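# Topology and contacts: notes
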Amino acid sequence: MGDEDAKEDVASTIPLRKKHSVTTMFDANGNIVQWYIDVCLGNGADTDIPYLDDLDIILLPSGEIIQKDADEFEEAFLNGIIDKSLYDSAWDEVNILTNLISNKSFELINLSHCHKEFLVNELK
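Residues numbered from 1 in each chain as written. Predicted model: local features only at pLDDT ≥ 70, side-chain atom pairs only at ≥ 80, totals over all residues. Heavy atoms only, no water.

### Examining the packing of helix α1 (residues 70-78) against helix α2 (residues 84-102)
- Contact geometry for α1 and α2: axes closest at 10 Å, N-to-C directions at 160 degrees. By the angle class used here, α1 and α2 are roughly antiparallel. Like other packed secondary-structure pairs, α1 and α2 cross with a definite hand, here left-handed. Of the residues in α2, those touching α1 at Ala70, Phe73, Glu74 and Phe77 are Lys84, Leu86, Tyr87, Ala90 and Trp91.
- Residue composition of the contact of α1 with α2, by class: seven nonpolar, no polar and two charged. (Axes fitted to C-alpha atoms, helices over the stretch in contact; angles between N-to-C directions. Helix = DSSP H or I, 4+ residues; strand = E, 2+ residues; numbered from the N terminus. Parallel < 35°, antiparallel > 145°, perpendicular 65-115°, else oblique. Left-handed = near helix turned anticlockwise from the far one by under 90°. Contact = heavy atoms within 4.5 Å. Nonpolar A, V, L, I, M, F, W, Y, C, P; charged D, E, K, R; others polar.)

Written as structure tokens, this is what we have:
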């Protein structure tokens, strides 16, 4: 990643009307560097541009799961920026996704290589 000639590819999956999306990062050799999972209030499109509001999970190829932005999310709840129902909904989604990841049954993770191949072929 410090190498100026290194190239990374990114493939994102943003399922409409779901509370999560997945961005897969690949190194120059096509190996997965990490999956970045956004847990959000909802996904949608505004004039065909996808958007999401989020709390994040990072999954490394080793299986390590890292939760990101939890402190900021907690602070937003304590300061009344988000309400209890949104707070609970986001943490419920984090727990569901973490369990699916741990059980190797989170379908979007399993489809990462297929999505990358599709994008590579589309861009040829």
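Now that the structure has been shown, the text picks up again.
### A word on the nonpolar core
- Grouped together as the largest cluster of nonpolar side chains are 21 residues, with contacts concentrated most on Ile37 and Phe106.
- Broken down by secondary-structure element, the contributors of at least two residues to this core are β2 (20-26), β3 (32-46), β4 (49-59), α1, α2 and α3 (107-110).
- Top contributing element to this core by residue count: α2, with six residues. (Core = buried A, V, L, I, M, F, W, Y, C linked by side-chain atoms within 4.5 Å. Buried < 20%, exposed > 50% of the residue type's maximum accessible area, 1.4 Å probe, protein only.)

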